[in-house]
Amino acid sequence: MIPLDHLDPAELFAMVSWTIAPRPIAWVTSVNPAGDHNLAPFSFFTIASTDPLILMIAIEPREDGSVKDTLGNVLSTRQFVVHIAELDRLPEVARSGDPSPPDFDELADLALPTSAATVVRPPVIDGCAAVFECELLTTHRPGLETLVFGRVVAARVAEHLISGCGRIDVAALRPLGRIGNVFTASTLLERPDRPVGTAS
Ligand SMILES: Cc1cc2nc3c(=O)[nH]c(=O)nc-3n(C[C@H](O)[C@H](O)[C@H](O)COP(=O)(O)O)c2cc1C
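Residues numbered from 1 in each chain as written. Predicted model: local features only at pLDDT ≥ 70, side-chain atom pairs only at ≥ 80, totals over all residues. Heavy atoms only, no water.

1. Re the pattern of salt bridges
Stage number 1. Per the counting criterion, the structure on display carries four salt bridges.
Stage number 2. Ionic pairing is found between Asp69 and Arg62, a salt bridge with its closest N-O pair at 3.1 Å.
Stage number 3. Put simply, Glu133 and Arg156 hold a salt bridge, and the shortest N to O gap is 3.4 Å. Here Arg156 lies in strand β10 (residues 146–157) and Glu133 lies in strand β9 (residues 130–140), a separation of 23 residues in the sequence.
Stage number 4. The class for Glu133 is buried, based on a relative accessible area of 1%. (Salt bridge = Lys/Arg side-chain N within 4 Å of Asp/Glu carboxyl O. Helix = DSSP H or I, 4+ residues; strand = E, 2+ residues; numbered from the N terminus. Buried < 20%, exposed > 50% of the residue type's maximum accessible area, 1.4 Å probe, protein only.)

2. A short note on the site of the ligand
Stage number 1. Around the ligand, 19 residues are found, and the nearest of them are Asn38, Pro41, Phe44, Lys68 and Thr70.
Stage number 2. One of the backbone N or O atoms of Ser43 is found 2.9 Å from a nitrogen atom in the ligand.
Stage number 3. When the ligand sits alone it has 640 Å² of accessible area, and the protein chains cover 89% of it.
Stage number 4. Put simply, the parts of the chain that give the shell around the ligand at least two residues each are β3 (37–42), β5 (53–59) and α2 (69–77).
Stage number 5. If you tally residues by element for the shell around the ligand, the top one is β3, at four residues.
Stage number 6. Per-class residue counts for the shell around the ligand are eight nonpolar, four polar and seven charged. (Near = heavy atom within 4 Å. Polar contact = N/O pair within 3.5 Å; in protein donor to acceptor, adjacent residues only side chain to side chain. Areas by Shrake-Rupley, 256 points an atom, 1.4 Å probe, with all protein chains shown as cover. Nonpolar A, V, L, I, M, F, W, Y, C, P; charged D, E, K, R; others polar.)

3. What about the pairing of strand β12 (residues 182–185)?
Remark: a regular strand shows side chains that alternate across the two faces of the sheet.
Stage number 1. Sheet topology places strand β11 (residues 176–179) next to β12; four bridges connect them, and they run antiparallel. Looking at β12, one finds that Leu176 is bridged to Ala185.
Stage number 2. Between the end of β11 and the start of β12, which pair antiparallel, lie two residues, with Gly180 showing a positive phi angle near 55°. (Pairing = 2+ DSSP bridges.)

4. Some thoughts on the nonpolar core
Stage number 1. Formed by 19 residues in total, the largest nonpolar core has its most connected members in Ile57, Val82, Phe132 and Val148.
Stage number 2. Where this core is concerned, the elements lending two or more residues are β2 (26–31), β3, β5, α2, β6 (79–84), β9 and β10.
Stage number 3. No other element matches the four residues that β9 contributes to this core.
Stage number 4. Counting 16 residues, the second-largest nonpolar core is a separate cluster that includes Trp27, Val81, Leu107 and Ala117. (Core = buried A, V, L, I, M, F, W, Y, C linked by side-chain atoms within 4.5 Å.)

5. Let's talk about a nonpolar patch on the surface
Stage number 1. There is a patch of nonpolar side chains on the surface, built from Val157, Ile162, Ile168, Val170 and Leu188 and spanning about 350 Å² of accessible area.
Stage number 2. Relative to the helices and strands, Leu188 resides in the segment after β12. (Patch = residues over 30% accessible without salt bridge, like charges linked within 9 Å, V, L, I, M, F, W, Y side chains within 5 Å.)

As structure tokens, this is what we get:
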């Protein structure tokens, strides 16, 4: 075993990001107080609570120590939208995570069509498999990253993912994920006694 205190922060980051994986990716739109759009992916992302439904993303500072646009926007306008991106969105998801100047509009850069959200101000990217409109509940900063907890105030799932009995067709949803700093797509593994789509 490698004692953790022998690792510097970069090595520790690599160790956890390659072992605690695959991680889902939250593709997040937000707006600043002037209404300018922003888009970025976050893989330190999870369900924090189901009742009420709360999602959590962890946002680290930029290398120069400044606050990323997403965090600045969420702190000032208290809203964001989490999209679950399917496999065919890989080029756009990757590009939207590239370093960019402050206030850079990745939605415009990628020419991604959007629609108005139902409750919040940030836009919804057309064609995404699942969309969660969030209002900021709280933030917590135990260390380097700021943990952003968003309460889901509206959610929708693409019709092609709803199977006949109202369940999600898990084989049709091919969400992008992250292992270390590479992308992954989910492979569904059936237990012989419990086919995919049945209760756990
Ligand atoms: C797939 C992927 C996952 C990422 N996950 C995170 C993350 O969990 N936390 C984070 O701070 N940055 C993460 N990044 C980097 C941010 O997306 C990147 O810093 C982005 O430029 C931030 O944009 P913003 O300043 O517009 O908010 C990730 C990048 C990619 C491509």
